[in-house]
Amino acid sequence: MKTTQRIVLASLLGLSVAATAATLLKVDPAKTSVSAVFKQMNVPVEAKFKKFNIAIDYNPAAPDASKASVDIETASIDIGDPEYNKEVAKKEWFNSAQFPKATFVSSSIKAAGAGKLTVSGKLSIKGKTTDVTFPLTVKADGGKYAFDGALPIKRLTYNIGEGEWKDTSMVADEVTIKFHVSAQ
């Protein structure tokens with residue numbers, strides 16, 4: 001093969017790779033939210049996390065090339081009362097001193113219809129890692145994206161609520177992690 005042909009072929013291959021590569025989006029923290037929804041004594045509670053870092057490499061033309069990761073500071077949870085916030089940072093709940101972050105790292109992102117994705121990956125909370133899969137909606141508007149999703153988990157799987165707090169009649173085992181991510 002001639003040198004010129006090699007250069008042209010290499011250039012075309014490079015363009016092909018570039019066309020399917022994902023783009024790192026800039027997340028807007030002021031328009032992004034992450035919360036945990038659960039029932040305490042059968043009353044719904046939504047607790048918001050104040051500190052998190054989200055990275056999204058997204059290609060709408062090739063979602064399979066996309067990736068996402070999330071780090072949430074567990075001690076940043078706001079249940080609505082400073083005393084409760086301190087309580088859930090303790091060893092029986094998040095044990096934020098030993099496990100300061102909950103993390104999610106995607107292993108696959110697949111198209112699931114118009115404006116819908118299926119995301120799979122590893123969720124780690126309090127030293128316990130599990131495989132999770134959840135639906136995600138994405139809306140695009142002129143280079144800006146809104147990602148919305150909900151991930152149901154069982155808190156006891158991650159030892160959130162040890163000792164007397166394993167009793168699910170006080171705090172339900174079912175928790176939904178809800179999120180809205182605004183990025184461009």
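Look a little higher up for the structure.
The structure presented is a predicted model; accordingly, all values stated were derived computationally and were not measured.

(A) Spotlight on the overall build of the chain. Each helix and strand counted, the chain has two helices and 11 strands in total. Its helices and strands taken in sequence order, the chain reads α-β-β-β-β-β-β-α-β-β-β-β-β from the N to the C terminus. Counting the 184 residues in the chain, one finds 35% classified as buried. In the chain, once contacts between residues fewer than 6 apart in sequence are set aside, the share between residues at least 24 apart is 55%. Of the roughly 11000 Å² of accessible surface on the chain, 57% is carried by carbon and sulfur atoms.

(B) Fine view of the nonpolar core. If you look at the biggest cluster of nonpolar residues, it comprises 41 residues, and the most contacted ones within it are Ile56, Tyr58, Leu123, Ile125, Phe147 and Ile153. It is strand β11 (residues 171–183) that provides the largest number of residues to this core, a total of six residues.

(C) Structural context of the layout of surface pockets. Taken as a whole, the largest pocket encloses approximately 820 Å³ of empty space. Every residue lining the largest pocket is counted, 42 residues in all, and those nearest its centre are Ala36, Phe49, Phe94, Val175 and Ile177. Ranked by the residues each element gives to the lining of the largest pocket, the list is headed by β11, at five residues. For the lining of the largest pocket, the class distribution of residues is 36 nonpolar, four polar and two charged.

(D) Structural view of the pattern of salt bridges. For the coordinates displayed, the defined rule picks out eight salt bridges. Shared partners join several salt bridges into a network, and the residues in it are Glu46, Lys48 and Lys178.

(E) Highlighting the pairing of strand β2 (residues 33–40). Where β2 and β11 come together, seven bridges link them in antiparallel fashion. By the bridge assignment for β11, Ala36 is matched with Ile177. Here seven bridges tie β2 to strand β3 (residues 43–49), and the two strands are oriented antiparallel to one another. Paired with Ser35 across the two strands is Lys48, which belongs to β3. Counted along the chain from β2 to the antiparallel partner β3, the turn is two residues long, and its residue Met41 has a positive phi close to 55 degrees.

(F) Quick peek at the packing of aromatic side chains. The tally for this structure, following the rule as stated, stands at seven aromatic pairs. Relative to Phe147, the ring of Tyr58 lies with its centre 5.3 Å away and its plane at 90 degrees, an arrangement referred to as edge-to-face. Taken together, the positions of Tyr58 in strand β4 (residues 52–58) and Phe147 in strand β10 (residues 144–154) put the pair 89 residues apart, joining distant regions of the chain. No difference in accessibility class separates Tyr58 from Phe147, as the two residues are buried. Taking the centre distance of 5.6 Å and the plane angle of 65 degrees together, the rings of Phe104 and Phe134 count as edge-to-face. Of this pair, Phe104 sits in strand β7 (residues 101–111) while Phe134 sits in strand β9 (residues 128–141), and the two are 30 residues apart along the sequence. Members of the aromatic cluster, joined through ring pairs, are Tyr58, Tyr145 and Phe147.

(G) Structural view of the environment of Leu25. The residue Leu25 is located in strand β1 (residues 23–25) in this model. In this structure the C-alpha to C-alpha distance between Leu25 and Asp57, which are 32 residues apart in sequence, comes to 6.0 Å. Apart from residues no more than four positions distant in its own chain, Leu25 is found in contact with Ile56, Tyr58, Tyr145, Phe147, Ala183 and Gln184.

Thresholds applied
- Residues numbered from 1 in each chain as written.
- Predicted model: local features only at pLDDT ≥ 70, side-chain atom pairs only at ≥ 80, totals over all residues.
- Heavy atoms only, no water.
- Helix = DSSP H or I, 4+ residues; strand = E, 2+ residues; numbered from the N terminus.
- Buried < 20%, exposed > 50% of the residue type's maximum accessible area, 1.4 Å probe, protein only.
- Contact = heavy atoms within 4.5 Å.
- Areas by Shrake-Rupley, 256 points an atom, 1.4 Å probe, with all protein chains shown as cover.
- Core = buried A, V, L, I, M, F, W, Y, C linked by side-chain atoms within 4.5 Å.
- 1 Å grid on protein atoms, 1.4 Å probe; cavity = no way out; pocket = protein on both sides within 12 Å on 5 of 7 lines; lining within 4 Å.
- Points joined across faces, edges and corners; volume = space filled by probe spheres on them.
- Nonpolar A, V, L, I, M, F, W, Y, C, P; charged D, E, K, R; others polar.
- Salt bridge = Lys/Arg side-chain N within 4 Å of Asp/Glu carboxyl O.
- Pairing = 2+ DSSP bridges.
- Phe/Tyr/Trp six-rings, centres within 6.5 Å; stacked < 30°, edge-to-face > 60°.

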